[in-house]
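Residue-level listing of the chains:
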Amino acid sequence: RLGFCEPAARLGFLTNSQLADIVKHNGRLISHAVKRLVEDYESNPKSVLFQILTMLFEVCGARHDIYASDLHEAAVDDIVFKLAELARKGLVDDNYSSKRKDLKNFKENLVTFWDSLVLECQNGPLFDDNLFTTIKDYVVAISCTPPRVYRQVASLVGLQLVTSFISVAKTLSGQRETTQRQLNAEKKKHSDGPAVESLNKRLSITHENITYLEESMRKIFSGLFMHRYRDVDPEIRMLCIKSLGIWVVSYPSLFLQDIYLKYLGWTLNDKNAGVRRTSILALQSLYDVDDNIPSLGLFTERFYSRMIQLADDIDISVAVPAIGLIKQLLRHQLLSDDDLGPLYDLLIDEPPMIRRAIGELVYDHLIAQNCKTPSVARDGDNESSEIHISRMLHILREFSDDPVLSSYVIDDIWDDMKAMKDWKCVISMLLDETPIAELTDMDGTNLVRMLRASAKKAVGERIVLATDNRKMYYNKSQKEILENSKSDITNALMKRYPQLLRKYLPDKAKISPLIDMMMLLKLEMYSLKRQEQNFKAAIDLIVDAFFKHGDKDTLRSCIKAIAFCCTKCQADLLDYAENKLKTLEDELVLKVKTAIKEVEAGDDEYSLLVNLKRLHELQLSKPVKNDGLFEDMYRILSHLKEMDNEVKSFLLINMFLEVAWCLHAIDVENPSETSIEGLSSKQRSLFEQLYYFLVVLSNYQKEGRSTTVLSSRVCTITAEMWCLFKKSKYSSTKLKNLGYLPQLEYVQKFWKLCEQQLNISDDTEDEDANEEYIEDTNRDAVMIAAAKLLLADTVSKDYLGPEIVSHYVSHGASTTEIIKHLITALKKNANSDIAALFFEALRRVYERYMAYLREGENQNLIAKSYSECQDLANRLAGYYVGAVRIKNKSEILKIIQCGVQFAFVDLPKQLSFLEAALVPFVSKLPSSDIPDILTDVQKRAQDIDMNEDPSAWRPYLTFVEHLREKHARNEVFHEEKEEKPVKRRGRPRKPRDEPVRNLFDGNKSSDEESVSDSDQRGHGGDDDDEDDAFDQPLINTFRPSASKLRSLKGVSQQGTSSQRKAPTASGSNS
């Protein structure tokens, strides 16, 4: 490039191309070039004006041939029209959006050039009513042209001119104030005189220049900004709003007026997230200045509701700064608590950034409000912590029914709230040692939960599941901080922990989180600080809690805590913990045996049920040594058929766990005959009981939760046993006698019982949502157990596979997702006959429809079953799209051929199968395959009189007509992409009909609005209202009931829970 490396002193008269090249490529020379231009302007203003304008045309990208004479003779509109014609012909370069390396600083250089030019001309050419007036006219005219690149460059230039004019105007305003002071001082000395006259003249000129600049700003605003702030290009709109924000803050005397501020309010509704975010950031800088607040009253009153709505914007990059803006409004007392209703729900929003921002707002506004925080007095600090914690407990009352949601709220506010880490204060409040307020039972529960959650956060554990499930890694300094936190917690709890456990031992809601605290302590500190007695007291109390309570959470916490002590303690404390665990195990086995004998003697079953639950939780973590307990459980199951179903279910699960542990303990390489015989006997006994219940429960008509639990347990345990002892696993090992292959009869009974569980209504499942083991006994657990049999090749796919797939669309989203993953896995197996699987599934769902049709009693059920058949066909046909349908065309043809053959059996009763199940598959074939199908169908019906039963033959005629239309369209396969749900960028919107929390009162609002041409307040974003159900984050679907929480757990989690933690054999059954 010409002149790039030349020193400024050697730059002679600049050519047009040199000036454009400097702006494009070499920002270092801009200041020197500008000085040269200003110097030359005094002697040759027309030439310099031509250079600047042609440079403007070139940086816009126009490959023009405009000469100086053209500029002087032609009107501005004529020149700009020529430039637009060049763009229409394609004679334009896009410097603004170019990715070329030499243009990476283009925008920065362009801004620097115009700012330098304005500042350099402030003592002369800026006010000559020629240079910048002409430049301004061209910039405004070019900004209104159709070519986007012209508008982008001209908008950047025009907006920067206003910014630079403001810099000069502020300088002149300072000079005007100085001159005015000098004039006032001089007038006190002499009323007239040359000094006064000189100062008056200087003041007048300065005032005229400021007025001239402000008028220039208004013209650019009306000619450029008012059109471009709603340009189709969002980058131009962002540029306009960003500049306006700068103008208002830097020159409020002109721009801090509602006629300008309204544009910032209107663009809060822009359909582009970047524009909305830019508007929010501009308003943040505006509200940052306290002196601006009195002038913002009317603006705030008009647009505050939209600012609140943006806190729940669809785009996270908008929502987070919007929450910051609301914090500023609260700081200036421009909002009331009644306006903030929708924000409370955001405490349990899915994106962490949103939750953290709302947590910071809630802490500042609701927890730290009017709180005295003395800097020295310890008592004052404690008092402050107690006040903060009391306010936090007030918030947590809204979430008392759901510990998971409470964890979200604690996680949001934890970083800001130091009181949560004041362990001594929290412990004192739990022990009622604080004078401020007495805790209610609900507050006590929330405070215990908060103590556990805060301690987990302090030692580096998550209390809210991450969406990516990535493992957390810490550097050396972070690990030191976490270790110090663990030491602080241990120091605070060491002496007080037994007191807490003793006080809350009878309260099952509080004792479980308190016991969990044991796993957050540095146990070696008990020995270092000679606190062994406190440790032993804590262990003793945990064992007491295990035998005092029977709920799952407490039992599980006790087992985990004692097991933790058995692995992390040292020396004497380790021996004590291990002895306690052994004593607990022996005592529990004795209690179970005693309870069995009592029930056999006719006593109440409650003691047996509770101790079976305890045994279940203990066996999930370790094998339990016992003599004859399995046989006792088998005996009572065999002899007492009238026991409560829940007792039966826990007897079965405990028997299964013992069988699994026995199998795990066998040495596969050198097994002993005694161990094999013992396990084989237990295996036969358990199968005997399971098969008995498969028969009895499948014919059992009584409804009730206990029956559902037992049925689900029988299904899941049966599936686990079949997988555990799969015959092919052990066929080549010394354990081949343990191998087992279920007969088809039992597989059919198994599936019949599974179907009963799948057909339980959603209302019934919701009513049972608070059951402790609902995640192990709901329909999802049953479906996972059945699917596992197929994936493990435990039973034949010919029967069970179609049965499972036939329920694809029948039982809600979670079941559909399970079957979807099953089909995906089966498709990857080369041995799977997918065509036969799909056809058989369609046939079976159709046969269920025909069964309802023959009964003819419930028309709603008939219509629903027919609709399920159609939905299943559409869903299965959806697997054949794009290249897949080309590759697997033979599968589609096989499904259609088998379907046609099935439809023409027992004419004309099954002809509706053609319309209900085959039409979606026909649409996946090219037209060239249709004639053969059409010929086959017509041939099957050619000798039959359809007039005998026209209504029965209607599906046939409809199907034939569909084939003819398909053939007439003469479609050819194209490489279409597989249809996938359109996923919205950003975070999903929450349901609009859910009530807000009671922390603030208010109504939920929509997330996004778009600019309306009429009043700038039209709502938009309707395209995003129908979200795919599977795109919703977990937290958005929470209800207060635990049912919704648990039913929406992922398939993999439910698979794990269905298996529990029972061990599996290292080899395979033979």
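Residues numbered from 1 in each chain as written. Predicted model: local features only at pLDDT ≥ 70, side-chain atom pairs only at ≥ 80, totals over all residues. Heavy atoms only, no water.

Labelled according to an unreviewed UniProt entry, the protein chain appears under the name Cohesin subunit SA-3, originating from Aegilops tauschii subsp. strangulata. UniProt, in its Subunit (unreviewed entry) section for the protein chain, records the words "Component of the meiosis-specific cohesin complex, which also contains the SMC1 (SMC1A or SMC1B) and SMC3 heterodimer. Such complex likely contains RAD21, or the meiosis-specific related protein REC8. Interacts with CCDC79/TERB1; recruiting cohesin to telomeres to develop structural rigidity." Check the Subcellular location (unreviewed entry) section of the UniProt entry for the protein chain; it says "Chromosome". (UniProt positions renumbered as here; feature names shortened; annotations may be inferred.)

J.: What's the story with the packing of aromatic side chains in this structure? I'm lost.
T.: Geometry of an aromatic ring pair is reported as the spacing of the ring centres plus the angle between the planes. In this structure the tally under the stated criterion is 37 aromatic pairs. Residues Phe132 and Phe165 carry aromatic rings whose centres are separated by 6.2 Å and whose planes lie at 75° to one another, so their mutual orientation is edge-to-face. In this pair, Phe132 is assigned in helix H7 (residues 131–143) and Phe165 in helix H8 (residues 148–189), connecting sequence segments 33 residues apart. Exposure class is identical for Phe132 and Phe165. Each is buried. Taken together, the aromatic side chains of Phe221, Phe225, Tyr229, Trp247, Phe255, Tyr260, Tyr263 and Trp266 make up a single cluster linked through ring pairs. The side chain of Lys107 reaches across the aromatic face of Tyr96, ending 4.3 Å from its centre. The side chain of Lys641 reaches across the aromatic face of Tyr692, ending 3.9 Å from its centre. (Phe/Tyr/Trp six-rings, centres within 6.5 Å; stacked < 30°, edge-to-face > 60°. Helix = DSSP H or I, 4+ residues; strand = E, 2+ residues; numbered from the N terminus. Buried < 20%, exposed > 50% of the residue type's maximum accessible area, 1.4 Å probe, protein only. Lys NZ or Arg CZ within 6 Å of the ring centre and 35° of its normal.)

J.: Whenever I open this one, helix H2 (residues 30–43) confuses me. Can you help?
T.: Every α-helix carries 3.6 residues per turn, so stepping three or four residues along brings you back to the same face. When the terminal C-alpha atoms of H2 are compared, their 21 Å separation across 14 residues agrees well with the 20 Å that a helix rising 1.5 Å per residue should span. Of all the residues in H2, the buried ones are Ile30, Ala33, Val34, Leu37, Val38, Asp40 and Tyr41. (Expected span 1.5 Å × (residues − 1).)

J.: Help me out: how do you make sense of the side chain of Gln160 in this one?
T.: Note on placement: Gln160 falls in helix H8. Residue Gln160 is classed as buried on the basis of its relative accessible area of 13%.

J.: How do you make sense of the environment of Met633 when you look at a structure like this?
T.: For Met633, the location among the structural elements is in helix H30 (residues 629–639). On the basis of relative accessibility, which here comes to 0%, the residue Met633 falls in the buried class. For the pair Met633 and Val592, spaced 41 residues apart in sequence, the C-alpha to C-alpha distance is 9.2 Å. Setting aside residues up to four positions removed in sequence, Met633 forms contacts with Ile596, Leu612, Leu651, Asn654, Met655 and Glu658. (Contact = heavy atoms within 4.5 Å.)

J.: Looking at this structure, I do not really get the nonpolar core. What am I missing?
T.: For soluble globular proteins, the rule of thumb is that nonpolar side chains tend to be buried together. One finds Trp114, Ile135, Phe255 and Met518 to be the most contacted residues of the largest nonpolar core, which totals 325 residues. Considering each element in turn, this core owes the most residues, 14 residues, to H8. Residue contacts for Phe255: discarding those within four places in its chain leaves Val162, Ile166, Met217, Phe221, Leu244, Trp247, Val248, Tyr260 and Leu261. (Core = buried A, V, L, I, M, F, W, Y, C linked by side-chain atoms within 4.5 Å.)

J.: Which parts of the structure should I look at to understand the environment of Glu214?
T.: Here Glu214 lies in helix H9 (residues 194–228). Sequence spacing of Glu214 and Val162 is 52 residues, and the spatial spacing of their C-alpha atoms is 9.0 Å. Not counting residues within four places of it along the chain, the set of residues in contact with Glu214 comprises Tyr251 and Leu254.

J.: For this particular structure, what's the right way to read the pattern of salt bridges?
T.: Applying the stated criterion across every chain, the model contains 48 salt bridges. Linking Lys327 and Asp364 is a salt bridge whose minimum nitrogen-to-oxygen distance equals 3.2 Å. Residue Lys327 is found in helix H15 (residues 316–331), and its partner Asp364 is found in helix H17 (residues 352–367); the two are separated by 37 residues along the sequence. For Lys327, a relative accessible area of 22% puts it in the partly exposed group. A residue is classified by how much of its surface remains accessible, and Asp364, at 38% relative accessible area, is partly exposed. (Salt bridge = Lys/Arg side-chain N within 4 Å of Asp/Glu carboxyl O.)

J.: Honestly, the packing of H15 against H17 in this entry has me stumped. Any pointers?
T.: Any two packed helices are characterised by the angle at which their axes cross and by the distance between the axes. Relative orientation of the contacting elements H15 and H17 amounts to 5°, with a least axis distance of 9 Å. In terms of orientation, H15 lies roughly parallel with respect to H17. In this structure, H15 contributes Ile316, Ala319, Val320, Ile323, Ile326, Lys327 and Leu330 to the contact, and H17 contributes Met353, Ile354, Ala357, Ile358, Glu360, Leu361, Asp364 and His365. Residues of the contact of H15 with H17, tallied by class, amount to 11 nonpolar, 1 polar and 3 charged. (Axes fitted to C-alpha atoms, helices over the stretch in contact; angles between N-to-C directions. Parallel < 35°, antiparallel > 145°, perpendicular 65-115°, else oblique. Nonpolar A, V, L, I, M, F, W, Y, C, P; charged D, E, K, R; others polar.)

J.: How do you make sense of the packing of helix H12 (residues 258–266) against helix H14 (residues 297–309) when you look at a structure like this?
T.: Running from amino to carboxyl end, H12 crosses H14 at an angle of 25°, the nearest separation of the two axes being 10 Å. The angle between H12 and H14 falls in the class roughly parallel. Note that H12 runs across H14; the crossing there is right-handed. Between H12 and H14, the residues in contact are Asp258, Leu261, Lys262, Leu264, Gly265 and Trp266 and Leu298, Phe299, Arg302 and Phe303, respectively. Residue composition of the contact of H12 with H14, by class: 6 nonpolar, 1 polar and 3 charged. (Left-handed = near helix turned anticlockwise from the far one by under 90°.)

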